[in-house]
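Chain by chain, the residues:
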Amino acid sequence: MTGCPDVILSTRTRYRRMAARWAIILVIIFAIFIISGLIDITALGSFATAGMFLVYFAINWFYGTFMETYFNGRTVGKWACGIRVIDIDGRPITGKRALIRNLLRLADMLPPVALTSIFQDMPMIFMVVMIPTGMVALIVMVATPRLQRLGDLAARTMVIVDERTWRLPVAKVDDARVPALASFVPADYRISQSMARTLAIYAERRHFLTPARRREVARHLTIPLVEQFEFRSDIDPDLLMYALYYKTFLTDGSETPDLGPLAGYSPLLRDVNKPQGLAGDAAQQAKIKAGPAAEKSTANRFDFLNTEGSR
Amino acid sequence: MNVAKLLDKRRVQWSELENLCDAMEKSGRTDKAGGVHHRGAEGVTRFSSLYRAACADLALADAYHLPPGTVTYLHRLVARAHNQLYRANKFEPSRLTEVLFHEAPQQIFADPCVRIATIVFFGLFALSMFMAWNEDLFPKFADSMVGTEQLEQMEEMYEKPLVGSLDHYVSMSGFYIMHNTGIGLQCFAYGILIIPCLYNLAYNALTLGTVFGYMARPDAVGGDNFYHFVTAHGPFELTAIALAAAAGLRLGVGLFYTNGLARIDSLHASAMRAVPVMVASAVLFCLAAFTEGFLSPSPAPYIVKAVWAILSSGLISFYFVILGFPRGELAVIHPPRTSSGAHDAA
């Protein structure tokens, strides 16, 4: 009925794509481990050894700076997670800022904990293995509104989620009762901005709720509206919300909907006692008019009313 | 207002922009987006006009009471296109000389943090050197500072006179660049928290000073060889450590001494000032590493090494004082109190 399944699908493909990226990265890392394990670097001569030290130094300290500068704010890990670094003004990151935020990572990762202080029975050789806990970064991130760490604060950058393709959610209405009910909403009813927003959110999310829960949620908003529109009080709140959504977002306001077999029905309070206003009566008439084929649509008509009425 | 119709109308252009974004993300060009009018310069023009249209749609979205889902979609679309249109600024190698020979020395000369770091480092260095050397007054100092085992190891290391081969020199200078510059960068990074930086600086000063003092004792084994080794690269390396710490302290001090700016703006301004100093320090570390790799372990006569040490000290002094002497541009380095917003030299 709406774009919701599309959204779920795109989230699913998004995760699938992310998993694929991680798989690629893990395979490459594994390959690098194997290859570097097979090479005896000292046998290649002193320049290779010096080169190895320099490459290690460069990767250790400047990998993030280089990648973020030349790949538009992303490292391989950021690419795999679908995130990106930008300036807090929304401009792309510059080399200098990338340098600052990546050098200061070391301070953000403080304090380190020695492996031997966690596992007492480990051999002392593991004392040199320090595990960075990142507590400084965590505390600073919790305390700042943009979830920046110290390096981000100093460089005025932030990390954002880099959204990729995402389907546009427009809820479509294929319920015949909705235009019918919408036609009874007074023409002078001006919808407020916050109401429009609420309606859109409601229409997007009602699929995740059970019918009973929908009525419960919608009733809070529809009780004053039912009075204002002079509708009968046992009208289905969910349907009324949906009709308002339809009127706000999906019609031009000028056209009169083709009501079809629902033409005789009115939800207005003053029509309660009129013969065609009674749902049962209308059903009888429709049956007479359209024969057994209209059975399904007459069943719909009953749903105009909240069958659980006073609950 | 029929939003669905409006969206259907605009959606054609939005999905075209999405396609262009996809192509841009994959190859950095618009050529593969499909249409004939997406090739070359035409594609770029099309991309930017679609981007502007999407920006306008986003601006109107609230006025049109568009559903929040649509507004969110537009936000994401505009952000995505924006990230492709305005890409990260790269480093400019031509600016490096400007940074190294103008900004850095000016900053070093004007920054009180450099003075503090230098006094802390060389003060503690000289103090511990004296205390380790003077066995009569402080008999246990060297052993308790560095440890007896380490001192013996040190003596053993420098027992034999220096001999070396080119192979050894090359690989060792690589190692020194990695190791010592790493210490400097660590000092810089810890500077934002001040105390770890000062601890690191003091630790290095005390350890080095103690070893220097101990080796200067007349009865130390291998003392001559030790000084033979360290003299040449000493000036570069010790200055570089102090400078790295000074750049780091500038960051930390920026958090407290805000100069009228908001705290975070001040931190950012300090970071921008600290980067040239850090770059200068890294260059000094590399010079020190090459000296340490090639000249220091070579069996060249001591006089050569001493001359190199004096020469390098002279170069550093020239760099700090002559190039660093204020040239009426202090207003840029010290922002006046009335100014607001960060000074972004990037």
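Just to check I follow, could you spell out the overall build of chain A for this structure?
The number of helices and strands found in chain A is 14 helices and 4 strands. Looking at chain A as a whole, 43% of its 311 residues qualify as buried. Taking as baseline every contact in chain A between residues at least 6 positions apart, the subset at least 24 positions apart corresponds to 66%. Per element, the accessible surface of chain A, about 17,200 Å² overall, is 65% carbon and sulfur.

Would you mind going over the side chain of Ser48(B) with me for this structure?
Positionally, Ser48(B) belongs in helix H2 (residues 40-61). A polar contact is formed between the side chain of Ser48(B) and the backbone oxygen of Thr45(B), at a distance of 3.0 Å.

Would you mind going over the pattern of salt bridges with me for this structure?
When the charged atoms of two side chains lie near each other, side chains of opposite charge can form a pair. All names here are of chain A. Following the criterion strictly, the structure yields 15 salt bridges over all chains and no others. The partner of Glu-68 in a salt bridge is Arg-101, with the nearest N and O atoms 2.9 Å apart. Of this pair, Glu-68 sits in helix H2 (residues 46-70) while Arg-101 sits in helix H4 (residues 95-103); the two residues are 33 residues apart in sequence, bridging distant segments of the chain. Looking at Glu-68, the relative accessible area reads 0%, which means it is buried.

Got a minute to help me understand the packing of aromatic side chains in this structure?
In this description, an aromatic ring pair is defined by two values, namely the gap between the centres and the angle between the planes. Inspection of every chain in the model, using the stated rule, returns 15 aromatic pairs over all chains. Taken together, the aromatic side chains of Phe121(B), Phe122(B), Phe125(B), Phe212(B) and Tyr227(B) make up a single cluster linked through ring pairs.

I'm lost on the interface of chain B and chain A in this one. Help?
It is common to give the size of an interface as the accessible area lost on bringing the parts into contact. In this complex, chain B contributes 60 residues to the contact, which on the side of chain A involves 61 residues. Buried area between chain B and chain A, summed over both chains or domains, comes out near 5,400 Å², and the portion from carbon and sulfur atoms is 68%. Considering only the surface of chain B that becomes buried against chain A, His65(B), Arg76(B) and Phe91(B) emerge as the three largest contributors, covering 11% of it. Scanning the region where chain B abuts chain A turns up 1 salt bridge. Across the pair Asp265(B) and Arg156(A) runs a salt bridge, and its minimum N-O distance is 2.4 Å. Every element with two or more residues in the side of chain B that touches chain A is listed here: helix H1 (3-27), helix H3 (68-85), helix H8 (166-190) and helix H12 (263-295) of chain B. Ranked by residue count, the leading element in the side of chain B that touches chain A is H8(B), at 14 residues.

Rules of the game
Residues numbered from 1 in each chain as written. Chains lettered and ligands numbered in written order. Predicted model: local features only at pLDDT ≥ 70, side-chain atom pairs only at ≥ 80, totals over all residues. Heavy atoms only, no water. Helix = DSSP H or I, 4+ residues; strand = E, 2+ residues; numbered from the N terminus. Buried < 20%, exposed > 50% of the residue type's maximum accessible area, 1.4 Å probe, protein only. Contact = heavy atoms within 4.5 Å. Areas by Shrake-Rupley, 256 points an atom, 1.4 Å probe, with all protein chains shown as cover. Polar contact = N/O pair within 3.5 Å; in protein donor to acceptor, adjacent residues only side chain to side chain. Salt bridge = Lys/Arg side-chain N within 4 Å of Asp/Glu carboxyl O. Phe/Tyr/Trp six-rings, centres within 6.5 Å; stacked < 30°, edge-to-face > 60°. Buried area = accessible area lost by both parts, 1.4 Å probe.

Nothing here speaks to function; it is all geometry.
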